Amino acid sequence: IYFGELSGITAFETPVKTTQKRTEIILTGFQIGNNDIPVGSIKEGINLSHRENTFSLELSPMSFTEDAIRIHYRLQGLSSSWNTTRYGVNQVIYNNLKPGKYVLEAYSEENGIKSETFIIPIQIKTPWFKSIWAYILYTMVIIMLVVVIYTGQKRKLRERSNNQRLKHYINL
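What counts and how
- Residues numbered from 1 in each chain as written.
- Predicted model: local features only at pLDDT ≥ 70, side-chain atom pairs only at ≥ 80, totals over all residues.
- Heavy atoms only, no water.
- Helix = DSSP H or I, 4+ residues; strand = E, 2+ residues; numbered from the N terminus.
- Rg over C-alpha atoms; globule rule 2.2 N^0.38 Å.
- Buried < 20%, exposed > 50% of the residue type's maximum accessible area, 1.4 Å probe, protein only.
- Contact = heavy atoms within 4.5 Å.
- Lys, Arg positive; Asp, Glu negative; His and termini not counted.
- Charge placed at Lys NZ, Arg CZ, Asp CG, Glu CD.
- Salt bridge = Lys/Arg side-chain N within 4 Å of Asp/Glu carboxyl O.
- Pairing = 2+ DSSP bridges.
- Phe/Tyr/Trp six-rings, centres within 6.5 Å; stacked < 30°, edge-to-face > 60°.

**Topic: the overall build of the chain**
Piece 1. Along the backbone of the chain there are one helix and 12 strands.
Piece 2. Put simply, the chain runs from its N terminus to its C terminus through helices and strands in the order β-β-β-β-β-β-β-β-β-β-β-β-α.
Piece 3. Against the 2.2 N^0.38 benchmark of 16 Å for 172 residues, the chain shows a C-alpha radius of gyration of 35 Å, more extended than a compact globule.
Piece 4. By principal-axis analysis of the C-alpha atoms, the chain measures approximately 150 × 30 × 25 Å.
Piece 5. Among the 172 residues that make up the chain, the fraction classed as buried is 25%.
Piece 6. When contacts within the chain are restricted to residue pairs at least 6 apart in sequence, long-range pairs at least 24 apart make up 59% of them.
Piece 7. Across the chain, the centroid of the 20 positively charged side chains sits 31 Å from that of the 14 negatively charged ones.

Right, dumping it as structure tokens:
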């Protein structure tokens, strides 16, 4: 800092400390298809039906310099490699995910400083017709059909055999 006086200039030299604060990422938007879902309704994770397998998440680093921040993200259960958004882009989109359990992990990076990792579990439920109970039912139906067909064929063979015996006795 410099001050001008009648007798000259007085200078104070103080080192300037710049502290770079770690930013935090929060979920600010969630869409299924083109429908906005209130973010406040998401407490402990995201549970979706098998038809809601295309969605987008809007992640916001809590910083006023969002244009200088990149978001790194990955969806555990789909990929183990990190993806990176362009500067200023904070939307993550996933299309046609298979039923299963996933974990979205994301962090922001500004001037080489990484934020804490944002983690949210995502579950896409298996449709009822692909559940274990459905497969048990399908197996039982197939077994019943095989038994019905087998017993029907066995009965027809017995009737033919009886008819042939009867014809044999009649012809004697």
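**Here we look at the side chain of Ser56**
Piece 1. On the secondary structure map, Ser56 appears in strand 6 (residues 55-61).
Piece 2. In this view, Ser56 contacts Gly29, Phe30, Gln31, Gln91, Val92 and Ile93; residues no more than four positions away in its chain are not counted.

**Focus: the pattern of salt bridges**
For side chains of opposite charge, pairing can occur when their charged atoms come near one another.
Piece 1. In this structure the tally under the stated criterion is two salt bridges.
Piece 2. Here Glu105 ties to Arg74 by a salt bridge, and the two come within 2.6 Å at their closest N and O atoms. Of this pair, Glu105 sits in strand 10 (residues 100-110) while Arg74 sits in strand 7 (residues 70-76), and the two are 31 residues apart along the sequence. Considered together, Glu105 and Arg74 belong to a single accessibility category, that of buried residues.

**Some details on the sheet that holds strand 6**
Within a sheet, each strand pairs with its neighbour through backbone hydrogen bonds, oriented either parallel or antiparallel.
Piece 1. Pairing is antiparallel in the open sheet, where four strands are placed in the order 4-3-6-9. At either margin of the open sheet sits one strand with a lone partner, and together these are strand 4 (35-36) and strand 9 (91-94).
Piece 2. Alignment of strand 3 (residues 25-32) against strand 6, held across seven bridges, turns out to be antiparallel. Within the sheet, the bridge partner assigned to Phe30 lies in strand 6 and is Leu57.

**Details of the packing of aromatic side chains**
Piece 1. Per the stated rule, a full pass over the model turns up six aromatic pairs.
Piece 2. Look at Phe55 and Tyr94: their rings are 6.1 Å apart centre to centre, the planes differ by 45°, and that puts the pair in the tilted class. Separated by 39 residues along the polypeptide, Phe55 in strand 6 and Tyr94 in strand 9 bring together distant segments of the chain. In terms of burial, Phe55 and Tyr94 fall into one category: buried.

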